[in-house]
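Read off the chains here:
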Amino acid sequence: IQTGDETKIKQGLALAEKFPPDIAKDIRQDRRTEDAIFSLYEGRLSTAFGPASQHYDIAGALAQVASLKQIYPGLARTRDVADALSASRDQEVERLGGELTELLAGGQLLPDSNSADVGDVLELVARLNPASEVLVDARIAQTYTQAANEAIANERYERAERVLSAGLRFAPSDEGL
C-alpha cells in the first residue's frame, strides 16, 4: 500500500479487510499507508476538478471524496479534503459570477465559438452548483429582455428571436421574455 501505486493500494486494502477489524484499522492508520492513500485520492480529485486546468468534473471529484470517506470515515484529514473541494468549487462559482457580470455588461448573450458567452458560464455554474444564486440573478432575464427589445426596435427580428430563445433557456419563467 505504501508504494502509492493504485493497483497495490487496492490490493492492499482488500487484503487488510480480511484481517480482524483492529488489525485492518492499524494497517489503514499507519502514517505511510495513510499518506499513500490520501496522495492517490487527492491526485484523482485534482484530475477530476481543477479549475486552473479547466477540469470541471465535480461529480467525479465528489465520488473520490466519498470513496476516501469509506476508507477513513470521521478522520479530520478526510474532512479537510472534502472541505477544500467545497471551498474550491465555491470560489470557482464566485469567479464565474464575476465573469457572468462582464459578459452581461458586454452583451455576449449568444453562443459564439470564438469566445465565452453567458450560456457557457451558466451551464458551468449549473454543473458545479445547481442551487447557486448566480443561476437566478435577475440581471440575466433583464439583459436578454433589453437586447431582444433593442433588436425588435431595430427591426432585427431574427436576432430578437435568437436572443429570446437563449434568454428563455436561462430564465424560462420570466414574464418579460
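Remember, it's a predicted structure, so these values are computed and weren't measured experimentally. (Residues numbered from 1 in each chain as written. Predicted model: local features only at pLDDT ≥ 70, side-chain atom pairs only at ≥ 80, totals over all residues. Heavy atoms only, no water.)

Asker: Even after reading the chapter, I still don't get the side chain of aspartate 117, so can you show me in this structure?
Answerer: Locating aspartate 117 in the fold gives a position in the loop between helix H5 (76-105) and helix H6 (118-128). One buried charged residue, aspartate 117, remains without a salt bridge, the closest side chain of opposite sign being arginine 169 at 6.3 Å. What aspartate 117 contacts, discounting residues up to four positions off in sequence, is Leu103, Gln108, Leu110, Pro111 and Asp112. (Helix = DSSP H or I, 4+ residues; strand = E, 2+ residues; numbered from the N terminus. Buried < 20%, exposed > 50% of the residue type's maximum accessible area, 1.4 Å probe, protein only. Lys, Arg positive; Asp, Glu negative; His and termini not counted. Salt bridge = Lys/Arg side-chain N within 4 Å of Asp/Glu carboxyl O. Contact = heavy atoms within 4.5 Å.)

Asker: Can you walk me through the pattern of salt bridges in this structure?
Answerer: What the rule picks out here adds up to 13 salt bridges. A salt bridge links arginine 28 to glutamate 17; its shortest N-O distance comes to 3.0 Å. Here arginine 28 is found in helix H2 (residues 21-29), whereas its partner glutamate 17 is found in the loop between helix H1 (6-16) and H2, with 11 residues between them in sequence. Among the residues examined, arginine 28 registers a relative accessible area of 17% and is labelled buried. Of the charged contacts, one joins arginine 77 and glutamate 34 as a salt bridge, the two residues approaching to 3.1 Å between their closest N and O atoms. Of this pair, arginine 77 sits in helix H5 while glutamate 34 sits in helix H3 (residues 31-48), and the two are 43 residues apart along the sequence. One salt-bridge network, held together by shared partners, links Arg31, Glu34, Asp35 and Arg77.

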